[in-house]
Amino acid sequence: MATNGSEVKHQNGNDTFRHQEVGHKSLLQSDALYQYILETSVYPKEPACMKELREITAKHPWNLMTTSADEGQFLNMLIKLINAKNTMEIGVFTGYSLLATALALPEDGKILAMDINKENYEIGLPVIEKAGVAHKIEFKEGPALPVLDQMVQDEKNHGTYDFIFVDADKDNYLNYHKRLIELVKVGGLIGYDNTLWNGSVVAPPDAPLRKYVKFYKDFVLELNKALAVDPRIEICQLPVGDGITLCRRIS
Ligand SMILES: C[S@@+](CC[C@H](N)C(=O)[O-])C[C@H]1O[C@@H](n2cnc3c(N)ncnc32)[C@H](O)[C@@H]1O
């Protein structure tokens, strides 16, 4: 098979080829490279409040759930680039992505933030308040889906959101999409997080996956397929963090 990729010699002596796709430009090949990105471009620019929240969150037993610093930086810039004002976040945890969003929004910007767990939000809240951006946030405790159902019923909410970040229960992403597509503006963005799901999207059926990774894998695969054929959106899947798919509503 012809390839245009670089040859890699594995310890077992087998040769395999990387980067076989035409136009493949991904450079991220190792943890060291990821660390390099964090230390060179992310941490030096990370606002002090985000660093404080990241360090508080690192002590949480579920710290694995937090948005990574490079993704926080990406969201912050994206929101500024699209001049978002009215936003929504589903899945807050201690609030790292929420703070990244709140810092990027103008003074009169808004975030409707939803999570079933208020305790974790309250861990980060003092940092958010100290940063002077808490007034932009309306936090709703409870499952997001019924709130979205209620919002969709009122036509006044249709097409009102500039940016929506979804980072909660993966088994509901398609249910969220059905509602969010009504609520986001034409030209606005929905970002679905974890669309590469720990790399499990390409794992063979018998791969030894952690239980929760295995449980949600098929939902993520189904979402990725559905987004790719949805004529109402343009999409762009980025390998930032655990994979984020940006969906721009076009109709
Ligand atoms: C991956 S974490 C979110 C991480 C967060 N974006 C951050 O920056 O740290 C997922 C969150 O979704 C919340 N969640 C789970 N099911 C939910 C639901 N049905 N509705 C709203 N939030 C939910 C969990 O409580 C958890 O805090």
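Owing to the predicted nature of the structure, the values given are computational and were not obtained by experimental measurement.

Attention shifts here to the nonpolar core. With 53 residues, the main nonpolar core has L99, A102, I164, V166 and I190 as its most contacted residues. Among the elements that line this core, the one with the most residues is helix α4 (residues 96–104), at seven residues. Once residues within four sequence positions are removed from consideration, V166 is found in contact with I90, G91, Y173, Y176, I190, G191, Y192 and D193.

Packing of helix α3 (residues 69–81) against α4 leaves a shortest axis separation of 8 Å and a crossing angle of 30°. What the angle tells us is that α3 and α4 run roughly parallel. With respect to the hand of their crossing, α3 and α4 are arranged in right-handed fashion. Each of G72, L75, N76, I79 and K80 in α3 lies in contact with α4, whose residues at this interface are Y96, S97, A100, T101, L103 and A104. A breakdown of the residues in the contact of α3 with α4 according to their chemical character gives six nonpolar, four polar and one charged.

Another point: the pairing of strand β8 (residues 233–238). Pairing geometry for β8 and strand β9 (residues 244–249), over six bridges, is antiparallel. By the bridge assignment, E234 is partnered in β9 with R248. The turn linking β8 back onto β9 is made up of five residues, and G241 within it adopts a positive phi angle of 60°.

Attention now goes to the sheet that holds strand β7 (residues 184–193). The strands making up a sheet are joined through hydrogen bonds of the backbone, oriented either antiparallel or parallel. Pairing is mixed in the open sheet, where seven strands are placed in the order β5-β4-β3-β6-β7-β9-β8. Whereas interior strands pair on both sides, the edge strands pair on one side only; in this sheet they are β5 (137–141) and β8. Strand-to-strand twist across the sheet, computed as the mean angle between neighbouring axes with direction ignored, equals 15°. Judged from the four bridges that link them, strand β3 (residues 86–90) and strand β6 (residues 161–166) form a sheet pairing that is parallel. Within β6, the position partnered with I90 by the bridge is V166.

At a minimum axis separation of 10 Å, helix α1 (residues 31–42) and α3 run at an interaxial angle of 45°. Classified by the angle between their axes, α1 and α3 sit oblique to one another. Crossing of α1 against α3: the hand is left-handed. Together, I37, L38 and V42 of α1 and A69, D70 and Q73 of α3 make up the contact between the two elements. Residue composition of the contact of α1 with α3, by class: four nonpolar, one polar and one charged.

Turning next to the site of the ligand. Surveying the vicinity of the ligand reveals 20 residues, the closest of which are T67, G91, F93, S97 and A168. Here the shell around the ligand is built from residues that sort into 10 nonpolar, seven polar and three charged.

To continue, consider helix α8 (residues 211–229). Here α8 is 19 residues long and its end C-alpha atoms lie 29 Å apart, about the 27 Å a rise of 1.5 Å per residue gives. Among all positions in α8, only V220, L223 and L227 are buried. Contact partners of the buried residues in α8: α7 (173–183), β7, β8 and β9.

Looking now at the environment of Q73. Among the secondary structure elements, Q73 is positioned in helix α3. Take Q73: there are 21 C-beta atoms within 10 Å of it, and that puts it in the buried class. Sequence spacing of Q73 and S41 is 32 residues, and the spatial spacing of their C-alpha atoms is 9.5 Å. If near-sequence neighbours (up to four positions away) are discounted, Q73 is found in contact with V42 and K45.

This brings us to the environment of A113. Of note, A113 is situated in strand β4 (residues 110–115). Considered as a pair, A113 and I90 are 23 residues apart in the sequence and their alpha carbons are 6.0 Å apart. A113 has contacts with E89, V92, L98, I137, E138 and F139, leaving out every residue within four places of it along the chain.

Criteria and cut-off values
- All residue numbers refer to positions counted from 1 along the written sequence of the respective chain.
- Given that this is a predicted model, residues contribute local features only at a pLDDT of at least 70 and side-chain atom pairs are listed and counted only at 80 or more, while totals for whole chains, interfaces and linings are drawn from all residues.
- Each nonpolar core reported here comprises buried Ala, Val, Leu, Ile, Met, Phe, Trp, Tyr and Cys residues connected via C-beta atoms within 7 Å.
- Here a residue counts as buried when 20 or more other C-beta atoms fall within 10 Å of its C-beta, as exposed when 12 or fewer do, and as partly exposed in between; the C-beta atoms come from the backbone.
- Every helix listed is a DSSP run of H or I at least four residues long, and every strand listed is a run of E at least two residues long, numbered separately from the N terminus.
- Note on contacts: each residue gets a C-beta atom placed from the backbone, and two residues are in contact if those atoms are within 7 Å.
- Angular values range over 0 to 180 degrees, each being the angle between N-to-C directions of two axes fitted as lines to C-alpha atoms, with helices fitted over their stretch in contact.
- An angle below 35 degrees is treated as roughly parallel, one above 145 as roughly antiparallel, one from 65 to 115 as roughly perpendicular, and anything else as oblique.
- For a crossing to be left-handed, the near helix must be turned anticlockwise from the far one by less than a right angle; the clockwise case is right-handed.
- In this classification, the charged set is Asp, Glu, Lys and Arg, the nonpolar set is Ala, Val, Leu, Ile, Met, Phe, Trp, Tyr, Cys and Pro, and all remaining amino acids, among them Gly, are polar.
- Two strands form a pair only when DSSP identifies at least two bridges running between them.
- Here, nearness is defined through the C-beta atom: a residue counts as near a molecule or strand if that backbone-placed atom lies within 6 Å of it.
- How far a helix is expected to stretch is found by multiplying one less than its residue total by 1.5 Å.

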